[in-house]
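Observations on the model geometry
Listed below, chain by chain, are the residues.
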Amino acid sequence: MQKCLLCSLLSALIMLTSIPAPVDACNSAQSICGAQGPGDVVIGILFPCHRKVKDLNDRIRPESFHCSDFDLSSFMISLAAIHEIEEINAAGFLPGVRLGYLMCDTCSYASKALQNVGHMLAVNRSLNVKCDYIDFRPSVKIILGALYSEVSIAVARLLNVYMVPLLSSTSSSPELSDKLRYPAFMRTIPSDNHQTKAVAKIMHHYDWNWVGVVYGDDEYGRSAFQSFLKDAEANNVCLAYQEMLPHYLDHSLSMQRVEEVTQQIRSSSAQVVLLILKADLVKVLFKEMIRTNTSRIWIASDAWSRSQSLAQMDGINKVGDILGFTFVAGKSELFDNYLKNLTVTPRGYNHFIEEYKNLRFNCTSECFSNKPPSYCPTPDLLKIKSGNACNFKDPQEQNDDYLVKALDTSEALPTKLAVRAIANALKTLLQCNSSLCMGEINFPPWKLLKELKRVKFKFDNQNFFFDKNGDFVSGYDLIMWERDTHHRRFKKIGNYNVLDEQIELDVEKFTWLSTTNTTTPQSRCSERCPPGSVKKILNVSCCYNCTLCLEGTYSDAWDLRDCKRCPIGTWSLKGWNQCKPRWESYLQWSDPHPIAMMAAAAFGILLLLVTFIIFLVYRDSLPMKRAEVKLSCVMMAGLAVSFASVICFMGRPSVHLCRARQLMYAMGFTLCVSCILVKAFRTFLAFLPFGRMTNRRLHKLYKPPVIVVFITTLQGIICLLWLIFDSPDIDDTPPSPQSMKKIVQCSEGATYIGFGIMLSYIALLALVGFLLAFKGRKVPQEFSETGYIIFSMLMYLFVWVCFIPVYITNHEKGTPVQASAILVSSYGIIFCHFLPKCYEAFWGSKTDTLERILRRWRLISNPNIDSVTEIDVDIHGMNTPIQRSDRFSVSSVSTILRSSGTLNNVSPTDSVLITMSNEKSHVHPLFNRLGTEITRRRRSISF
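Residues numbered from 1 in each chain as written. Predicted model: local features only at pLDDT ≥ 70, side-chain atom pairs only at ≥ 80, totals over all residues. Heavy atoms only, no water.

Read across the sheet, 7 strands follow the order β8-β7-β6-β2-β5-β1-β14 without closing on themselves; strand pairing throughout is mixed. Strands at the two margins of the open sheet, each flanked by one partner only, are β8 (185–187) and β14 (349–350). Both strand β1 (residues 33–37) and β14 contribute to a ladder of 2 bridges, which runs antiparallel. The partner of glutamine 36 across the bridge, within β14, is tyrosine 349. Relative to the sheet, helix α4 (residues 149–162) contacts β2 (41–47), β6 (140–145), β7 (166–168) and β8, its axis offset from that of β7 by approximately 160°. (Pairing = 2+ DSSP bridges. Helix = DSSP H or I, 4+ residues; strand = E, 2+ residues; numbered from the N terminus. Contact = heavy atoms within 4.5 Å. Axes fitted to C-alpha atoms, helices over the stretch in contact; angles between N-to-C directions.)

Structure (structure tokens):
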């Protein structure tokens, strides 16, 4: 009961696969299969010698299939299998055993192939249903084919029932590597999984990341497309579009679909198109491309990469560049000679050879008329007609080299390898030695499948074997379709190794039709992002904007997704492709500006030295006595220290230099300004009126050494406190992110309070000196230096008022600006205080008397006085009290005269006209000590 149930299920399976149980309707083998060669072990051959089945859309009855459009390429591949079988027989590879063949035409249609398989497996012209097929012994032990994966998949599913091996040399669909679903299928080529990897890698190599894909609506197209999707993503290749074409074109909607696909190709910006199609579909597509004058870069799958009919198309050069991967090929001189002398196997038949010779050599001149009869072949097939066809009596007796020239016979190598693999498996199975094969000839096919999986053989010095998936571990050849006048020819430019998954190019540079030179055409959604920028993805990974790397980051390669951070100790600016150490910025000894400042400081010190010598030489002259030589020498010492401090501003800053330069400047310039302040105070006391008590108190304060020491000591205390609580140090402020410059400079303390107090103290001294000098600005210059004091202090204040905003707003320039300010201030004092005295010592007038000086001062100070009081100044001394003037104090004059040393030159007969008031004045004791006698002669007093 269970056996009957199992038999029923198997019967249903056979019916579902469209294989009728009996095949008695076929009166002869020739009605189903077109070629046969007798032998002890028969190999079935399934190749489409015709491209299609006629009127397939109108088929409603299970009648016989009618094929059309003879396919030269497939015909040549089938002849390669027959020739290799005959070569093995001729060589005695299997001693005592002859290989036979039974070849059927699939017409590129799976149902037709299944019908052929049913005939091949028939025993006594019938295919009986059994419960198991362990001892199933058909005459055909193995089937070689089919050409297309879709047909192989259908046939392999049926052969799984009988475990009859199906060995293909062209079907590359990845689905067939699944041994759970197709345990009886094997092939002498790699899976399309490897081919799509190779395609994606060549796209990546040429930097094509924006491509279109058109694939066929069949098992081969769909599975190869799914495999390509994964490989494209792994190689950063994006799809601009994906279109599918129907596998059958004899339908009105099929051409409409072709036009839609061609319109998509034309409208897309993708310049690279991958075509996973049969050659017939590619031909239709290319006709539209030629008609619309559309050029692209086409990537060919193995199904059409060596299609000679496409290479010979009219206008094929208009479609653009074509690259393709093909299975490893190889020329055979023996096979070429066989094609030149086609003969049928003895005691066999081959209707396909007969059909080819009729197409080539039969006289059918009526087929070239304007209205050819219906039996005529298509215009494409008419092209194979020989020019001498009508001159032959028997076309079947004719041969030529047309097949060798019109076809690429090297692509038949995988088929020849398939026959060799079968022969080597049979040699093991039949236990053959050098003279005899001892095994059973009529063996079950599954035994041959078992041996075939383990076979390893050598052919043309290369080792071949099947992997665990039943696929050959070989590679691909990369070919380019180069221009050959009006057609194309195939040129190998590289190969792809399956084991290491690497492409090796034999020809790096060749002429592209798209660019007419060796420049590789581009196909990208977005321009590449150069080093220094990264990709900002928009909608898909290949479409992006380029954004510059921010400061502190970089990108050192094209099309990076993220910027890299700079290593510690280095930095980069925006958009940089590398990181560099920041360069240090300070006043280099070799730079022009520091050299100029150092020269100015050295010249200033030299000028002070020369001035000091002049002052010493001319110390007894009137200008030098008025300039107070000792006080001036102290000023020179202070200025020399200030000039020396400028040297400390040069070179790479250190903590000690930062402190030394500020301390030297503060103490040196304070010493100088304190001396100027003493001079201004002296003039202020000498020529400005005060009351008796105020006068005496102010004169008690006039102690130059004490004043200078006190003022300078106070500045020293300020600097000491500054060094203790907020000392200058190296500035550790981080550099600006937008700059590669690391400013190495001094920081004048964390709060800058000490620095500010130090400068403010000097500025206060300068301001006080300026005010005192300004108060006595009308005093004759021969008595004082008010004009020089005013100008020098104004210059100092102006320079340092300008320094403050520059220092605050541009701290980087603080060091050179401060050094320059010190130089300008110091030179201002030299030019205002020392050089004029030197000039007077050399060329100044020495004849001015006290009377003339005072008379000029009186006229300048009060030109509107109508009456004057005449005072005689007697050098011998006089204690007579005189009236105090509102504008001039004799005691003050005596003080300045004594201090300046000019009184000794006053003549006893000189008189001084002094404007007096009614109030009385007292002669300062200084006059008594000098022995000065003053006689008052009042002429008139005008109020």
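So much for the structure itself; the text now carries on.
Going through the model one piece at a time under the given rule, you end up with 11 disulfides. Through a disulfide, cysteine 238 is tied to cysteine 542; the S-S separation comes to 2.0 Å. Handedness of the cysteine 238-cysteine 542 disulfide follows from its S-S torsion of about 80°: it is right-handed. With cysteine 238 in strand β10 (residues 238–245) and cysteine 542 in the loop between β20 (533–537) and β21 (544–548), the pair connects residues that are 304 residues apart, well separated along the chain. Side by side, cysteine 238 and cysteine 542 carry an identical accessibility label, which is buried. (Disulfide = S-S within 2.5 Å. Buried < 20%, exposed > 50% of the residue type's maximum accessible area, 1.4 Å probe, protein only.)

With that settled, consider the confidence of the model for the protein. For the protein, mean pLDDT is 82; residues scoring 70 or higher make up 83% of the total. Scored below 50 in pLDDT, residues 1–30 makes 34 contacts in the model with residues more than four places away or belonging to other chains. Across residues 845–850, confidence stays below pLDDT 50; counting only partners more than four residues off in sequence or on other chains, it has 10 contacts. (pLDDT = per-residue confidence, 0-100.)

Burial of strand β15 (residues 456–459) is one-sided: the residues Phe457 and Phe459 facing one way are buried, the residues Lys456 and Lys458 facing the other way are not. Here β15 folds back onto strand β16 (residues 462–465) in antiparallel fashion, the turn holding 2 residues, of which aspartate 460 has a positive phi close to 50°.

A few words now on the packing of helix α2 (residues 72–91) against helix α10 (residues 333–340). For the pair α2 and α10, interaxial distance at closest approach is 10 Å and the crossing angle is 110°. One way to sum up the angle between α2 and α10 is to call them roughly perpendicular. Of the two possible hands of crossing, α2 and α10 adopt the one that is right-handed. The segment α2 lies against α10, with Met76, Leu79, Ala80, Ile82, His83, Glu86 and Glu87 engaging Leu334, Phe335, Tyr338 and Leu339. (Parallel < 35°, antiparallel > 145°, perpendicular 65-115°, else oblique. Left-handed = near helix turned anticlockwise from the far one by under 90°.)

Right, let's talk about the environment of aspartate 484 for a bit. Within the secondary structure, aspartate 484 sits in strand β17 (residues 476–484). Residue aspartate 484 is classed as partly exposed on the basis of its relative accessible area, which comes to 30%.

Cis geometry is adopted by the peptide bond preceding alanine 146, which originates at glycine 145 and carries an omega value of -5°. Inspection of the secondary structure assignment puts alanine 146 in the loop between β6 and α4. The phi torsion at aspartate 69 lies on the positive side, around 65°, for a residue other than glycine. Relative to the assigned elements, aspartate 69 resides in strand β4 (residues 67–70). Exposure remark for aspartate 69: the relative accessible area of 19% places this residue in the buried category. Of note in this structure, threonine 485 is not a glycine but carries a positive phi near 55°. Within the fold, threonine 485 resides in the loop between β17 and β18 (487–497). Looking at threonine 485, the relative accessible area reads 60%, which means it is exposed.

Here the focus is the sheet that holds β18. Sheet architecture is open: 8 strands sit in the order β10-β9-β11-β12-β13-β17-β18-β19, paired in mixed fashion. Each edge of the sheet is formed by a strand with only one pairing partner; in this case those strands are β10 and β19 (502–505). Neighbouring strand axes in the sheet, compared pairwise and without regard to direction, differ in orientation by 25° on average. Pairing between strand β13 (residues 320–327) and β17: 5 bridges, direction antiparallel. Across the sheet, residue phenylalanine 325 finds its bridge partner in β17, namely leucine 478. Together, β9 (210–216), β11 (272–276), β12 (296–300), β13, β17, β18 and β19 form the strand contacts of helix α5 (residues 192–205), whose direction differs from that of β19 by roughly 60°. Relative to β11, helix α8 (residues 279–291) is tilted by about 150°, and along the sheet it contacts β10, β11, β12 and β13.

Throughout the structure, instances matching the rule amount to 31 salt bridges. Here aspartate 207 and arginine 528 are joined by a salt bridge, their closest N and O atoms 3.3 Å apart. With aspartate 207 in the loop between α5 and β9 and arginine 528 in the loop between β19 and β20, this pair connects stretches of sequence that are 321 residues apart. A network of salt bridges, in which partner residues are shared, links Asp207, Arg524, Arg528 and Asp559. (Salt bridge = Lys/Arg side-chain N within 4 Å of Asp/Glu carboxyl O.)

Turning to α5, a few remarks are in order. Here α5 contains 14 residues, and its C-alpha end-to-end distance of 19 Å stays within 8% of the 20 Å for a straight helix at 1.5 Å per residue. Residues of α5 that are buried include every one of Asp192, Gln195, Thr196, Ala198, Val199, Ala200, Ile202 and Met203, and no others. Of the residues one or two after α5, aspartate 207 is the one with positive phi, at around 65°. (Expected span 1.5 Å × (residues − 1).)

We now examine the side chain of asparagine 116. For asparagine 116, the position within the fold is in helix α3 (residues 110–120). Judged by its relative accessible area of 0%, asparagine 116 falls in the buried class. Setting aside residues up to four positions removed in sequence, asparagine 116 forms contacts with Ile32, Leu46, Cys104, Asp105 and Thr106.

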